[in-house]
Amino acid sequence: EDTARAAEEWEPIEGAPEGWDILILVGKEQMVACYLTQHPVEAPGWYIYDGHAFHILAAGTPTHWRPLPALPPLYLNEEA
C-alpha cells in the first residue's frame, strides 16, 4: 500500500528521470512527457510524443512529476 500511495504523490521536477515517459504537472494540467537531451531531438528539453514526432513543450514550465500509473490488466475475449 505504501508503494501505491507513493506513486500517487507528486515530486519536485528537479528529481525527474531523464529519458522516461512520466506525468508532469504544468500549472494545473497533467501531461505525459519525457526530458530528452539527445537524438531524436535538436535541443534538450521536455518533449511530448504525438505518435508521429516529438514536440518540445512550448508553453509553461513543469513543476512536479510522478511515474505513469500501472496499466490495467488485459482481458482476452474467450469464445465458448
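Assigned secondary structure in the chain consists of one helix and six strands. Counting helices and strands in the order they occur from the N terminus, the chain gives α-β-β-β-β-β-β. For the chain, the residues scored as buried account for 24% of the 80 residues in total. Of all intrachain contacts in the chain linking residues separated by at least 6 positions in sequence, the fraction that spans at least 24 positions is 46%. Of the roughly 6600 Å² of accessible surface on the chain, a fraction of 56% belongs to carbon and sulfur atoms.

Here the focus is the environment of Trp10. Its location among the elements puts Trp10 in the loop between α1 (2–7) and β1 (11–12). Separated by 13 residues in the primary sequence, Trp10 and Leu23 have C-alpha atoms spaced 9.1 Å apart. When residues no more than four places from it in sequence are discounted, the contact partners of Trp10 are Leu23, Ile24, Leu25, Gln30, His64, Trp65 and Arg66.

By size, the foremost hydrophobic cluster in this structure holds ten residues: Ile13, Ala16, Ile22, Ile24, Val26, Met31, Ala33, Trp46, Leu57 and Trp65. Listed by contribution, the elements that provide at least two residues to this core are β2 (22–26) and β3 (29–36). If we ignore the near neighbours within four places in the chain, the residues touching Met31 are Ile22, Leu23, Ile24, Val26, Ile48 and Leu57.

Pairing is antiparallel across the open sheet formed by six strands, whose spatial order is β1-β6-β2-β3-β4-β5. The open sheet has two free edges, formed respectively by β1 and β5 (54–56), since each of these has just one partner strand. Direction of pairing for β3 relative to strand β4 (residues 45–49): antiparallel, over a ladder of three bridges. For Tyr35, the partnering residue across the bridge sits in β4 and is Trp46.

Here the focus is the confidence of the model for the chain. Residues with a pLDDT of 70 or more make up 82% of the chain, whose mean pLDDT is 82. In the model of the chain, α1 stands out as the element of lowest mean pLDDT, 50, in contrast to strand β6 (residues 64–66), which has the highest, 97.

Moving on: the pairing of β3. As defined by bridge partners, β2 adjoins β3 across five bridges and the pair is classed as antiparallel. Its bridge partner lying in β3, Leu25 is registered against Gln30. The loop that links β2 with its antiparallel partner β3 comprises two residues; one of these, Gly27, has a positive phi angle of about 65°.

About the cut-offs
- Residues numbered from 1 in each chain as written.
- Predicted model: local features only at pLDDT ≥ 70, side-chain atom pairs only at ≥ 80, totals over all residues.
- Heavy atoms only, no water.
- Helix = DSSP H or I, 4+ residues; strand = E, 2+ residues; numbered from the N terminus.
- Buried < 20%, exposed > 50% of the residue type's maximum accessible area, 1.4 Å probe, protein only.
- Contact = heavy atoms within 4.5 Å.
- Areas by Shrake-Rupley, 256 points an atom, 1.4 Å probe, with all protein chains shown as cover.
- Core = buried A, V, L, I, M, F, W, Y, C linked by side-chain atoms within 4.5 Å.
- Pairing = 2+ DSSP bridges.
- pLDDT = per-residue confidence, 0-100.

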